[in-house]
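Here are the chains, one letter per residue:
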Amino acid sequence: QVQLVESGGGLVQAGGSLRLSCAASGRTFSGYAMGWFRQAPGKEREFVAAISQSGGITDYADSVKGRFTISRDNAKITVYLQMNSLKPEDTAVYSCGATSYGRTRYRVSHNYDYWGQGTQVTVSS
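The rules we used
- Residues numbered from 1 in each chain as written.
- Predicted model: local features only at pLDDT ≥ 70, side-chain atom pairs only at ≥ 80, totals over all residues.
- Heavy atoms only, no water.
- Helix = DSSP H or I, 4+ residues; strand = E, 2+ residues; numbered from the N terminus.
- Buried < 20%, exposed > 50% of the residue type's maximum accessible area, 1.4 Å probe, protein only.
- Contact = heavy atoms within 4.5 Å.
- Polar contact = N/O pair within 3.5 Å; in protein donor to acceptor, adjacent residues only side chain to side chain.
- Core = buried A, V, L, I, M, F, W, Y, C linked by side-chain atoms within 4.5 Å.
- Disulfide = S-S within 2.5 Å.
- Phe/Tyr/Trp six-rings, centres within 6.5 Å; stacked < 30°, edge-to-face > 60°.
- Salt bridge = Lys/Arg side-chain N within 4 Å of Asp/Glu carboxyl O.

Visitor: Mind showing me how you'd approach the environment of G15 here?
Guide: Structurally, G15 can be placed in the loop between β2 (10-13) and β3 (18-25). With relative accessibility at 55%, the residue G15 sits in the exposed group. Residues G15 and P88, spaced 73 residues apart in sequence, show a C-alpha to C-alpha distance of 9.1 Å. With near-sequence residues (within four places) excluded, G15 lies in contact with S85 and L86.

Structural data, given as structure tokens:
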């Protein structure tokens, strides 16, 4: 079992930065790849970024590539999402998930075994 708790969301102006954290419980955290997804009102959940178990492989949606950075600290059992140059279209509820699948399945939300409750990110123009 893995329990996930996100934090770090908030209100920021366009061009600003936020760092989201996803704290995990459970001894098996290092055995899971981790991903961030987001869901805006009236839209489907979409993939943002993912990172492999060791942290050696990362994947990003085109819409955030070059602006967002995903990282993980297995000693602290935490995964991070550094978000820079934020845009109003980044406004959404951001959730982290844990998956036992390989990199070819990172981008699909139903491949994730565990989810956090989400944290709201609002970017004002």
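Visitor: Can you walk me through the side chain of T119 in this structure?
Guide: Note on placement: T119 falls in strand β11 (residues 119-124). Classification of T119 by relative accessible area gives buried; the value is 11%. A distance of 3.2 Å separates a polar atom in the side chain of T119 from the backbone nitrogen of G9. Not counting chain neighbours up to four residues away, the residues in contact with T119 comprise E6, S7, G8, G9, L20, A92, V93 and Y94.

Visitor: Looking at this structure, I do not really get the nonpolar core. What am I missing?
Guide: Across soluble globular proteins, nonpolar side chains show a tendency to be buried alongside one another. M34, W36, L81, M83 and Y94 are the most contacted members of the largest nonpolar core, which has 36 residues in total. When residues of this core are traced back to their parent elements, those giving at least two are β3, β4 (33-39), β5 (46-51), β7 (68-73), β8 (78-83), β9 (92-99) and β11. With 5 residues, the top contributor of residues to this core is β5.

Visitor: Which parts of the structure should I look at to understand the state of the cysteines?
Guide: Simply put, disulfide is the name for a covalent bond between the sulfur atoms of two cysteines. Taken as a whole and assessed by the stated rule, the structure comprises 1 disulfide. Residue C22 pairs covalently with C96 via a disulfide, S to S 1.9 Å. An S-S torsion of about 55° defines the bridge between C22 and C96 as right-handed. In this pair, C22 sits in strand β3 while C96 sits in strand β9, placing the two residues 74 residues apart along the sequence. The exposure class assigned to C22 is buried, which follows from its relative accessible area of 0%.

Visitor: Whenever I open this one, the packing of aromatic side chains confuses me. Can you help?
Guide: The geometry of an aromatic ring pair is captured by two quantities: the separation of the ring centres and the angle between the planes. Under the defined criterion, the tally for this structure stands at 5 aromatic pairs. Here F37 and F47 contribute two aromatic rings whose centre-to-centre distance is 5.6 Å and whose plane-to-plane angle is 75°, an arrangement assigned as edge-to-face. Note that F37 is positioned in strand β4 and F47 in strand β5, a separation of 10 residues in sequence. Take F37 and F47: they sit in the same class, and that class is buried.

Visitor: Would you mind showing me how to read the pattern of salt bridges here?
Guide: When their charged atoms lie close together, side chains carrying opposite charge are able to pair. This structure, assessed with the given rule, holds 5 salt bridges. With its nearest N and O atoms 2.7 Å apart, the salt bridge here joins R107 to D59. Pair noted here: R107 is in the loop between β9 and β10 (114-115) and D59 is in strand β6 (residues 58-60), with a separation of 48 residues, a long-range link. Taking relative accessible area as the criterion, R107 reaches 42% and is therefore assigned partly exposed. D62 is the partner of K65 in a salt bridge, and the nearest nitrogen-oxygen pair spans 3.3 Å. When salt bridges that share partners are traced, they join R38, E46, R67 and D90 into one network.

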